[in-house]
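Here is what each chain is made of, one letter per residue.
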Amino acid sequence: MGRVDTATLLYFDASCLIAAAASPTGGSAFIWNLCERGLLRAAVSQAVLAEAETNLARKFEPQCLLRHRIQVQTCAPIVAPVPRIDAHATAYPGVNRKDEHVVAAALEVRADFLLTLDQPLAEEIERSAVDIQVRSPGAFIRLDLVTHPLFDLLRDG
C-alpha cells in the first residue's frame, strides 16, 4: 500500500462500527475519530450501517446506539451503493456468501483498506484473490497508520 495519508479511504465493516460505539476509547473509535477530523477518509454501506444499528439496539445499552448515530452524522462517511451480487454465483470465491456485500462495497468505493474485527472474514479475504488490504483496527494502527505524515500529531485533538 505504501504511505497512509489524508486521502486514504478506509471501509469499515459493522464489527468496527459497533466497536467504535461501544468502546469510545478503543482502536475502532480512534480511527473513526481520525476520519471525523479529516486525517483519513471513511466509507460504509447502507447494509453495514443497518447491521450495526440492529446489533447495537439488540445487544448494547441505548447510549451506544446514540453514540453510533452521532459518530456517523459527525463523520459523514462515503456510503457505498448497494452492490449487485448474483444470487446463484459466488462473486468472491472463498468469501462467505453472507459477507460478500462487505467486500463488494469496499471494492466499489475503491477503499484502500477494509477494516474488520471479524477474524474469519479477514482470513477469507486474505486467502481469496480479492484486491484489497484487510486489517483489524489494531493492525492498521500498528502497521499502517505509523506511515501517516501527521502521525506524531494524530493523538492530539
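Residues numbered from 1 in each chain as written. Predicted model: local features only at pLDDT ≥ 70, side-chain atom pairs only at ≥ 80, totals over all residues. Heavy atoms only, no water.

## Looking at the side chain of Ser45
Here Ser45 is to be found in strand β2 (residues 41-45). Setting aside residues no more than four positions away along its own chain, Ser45 makes contact with Tyr11, Val79, Ala80 and Ala105. (Helix = DSSP H or I, 4+ residues; strand = E, 2+ residues; numbered from the N terminus. Contact = heavy atoms within 4.5 Å.)

## Quick notes on the side chain of Asn55
Tracing the backbone shows Asn55 in helix α3 (residues 46-59). Filtering out sequence-adjacent residues up to four positions away, Asn55 remains in contact with Ile18 and Phe60.

## A few points about the layout of surface pockets
Of the pockets and cavities examined, the largest pocket occupies roughly 170 Å³. Along the wall of the largest pocket there are 13 residues; nearest its centre are Pro24, Gly26, Ala29, Phe30 and Asn33. Here the element with the most residues in the lining of the largest pocket is helix α2 (residues 27-36); it accounts for 6 residues. When the residues that make up the lining of the largest pocket are grouped by side-chain class, the tally is 5 nonpolar, 5 polar and 3 charged. (1 Å grid on protein atoms, 1.4 Å probe; cavity = no way out; pocket = protein on both sides within 12 Å on 5 of 7 lines; lining within 4 Å. Points joined across faces, edges and corners; volume = space filled by probe spheres on them. Nonpolar A, V, L, I, M, F, W, Y, C, P; charged D, E, K, R; others polar.)

## Here's the deal with the environment of Ala42
In this fold, Ala42 is placed in strand β2. The class of Ala42 is buried, set by a relative accessible area of 5%. Placed 50 residues apart in sequence, Ala42 and Tyr92 show a C-alpha to C-alpha distance of 23 Å. Not counting the four nearest positions on each side in its chain, Ala42 is found in contact with Leu9, Leu10, Phe12, Trp32, Cys35, Cys75, Pro77 and Ile78. (Buried < 20%, exposed > 50% of the residue type's maximum accessible area, 1.4 Å probe, protein only.)

Honestly, that's just the spatial picture; any functional story needs more than this.
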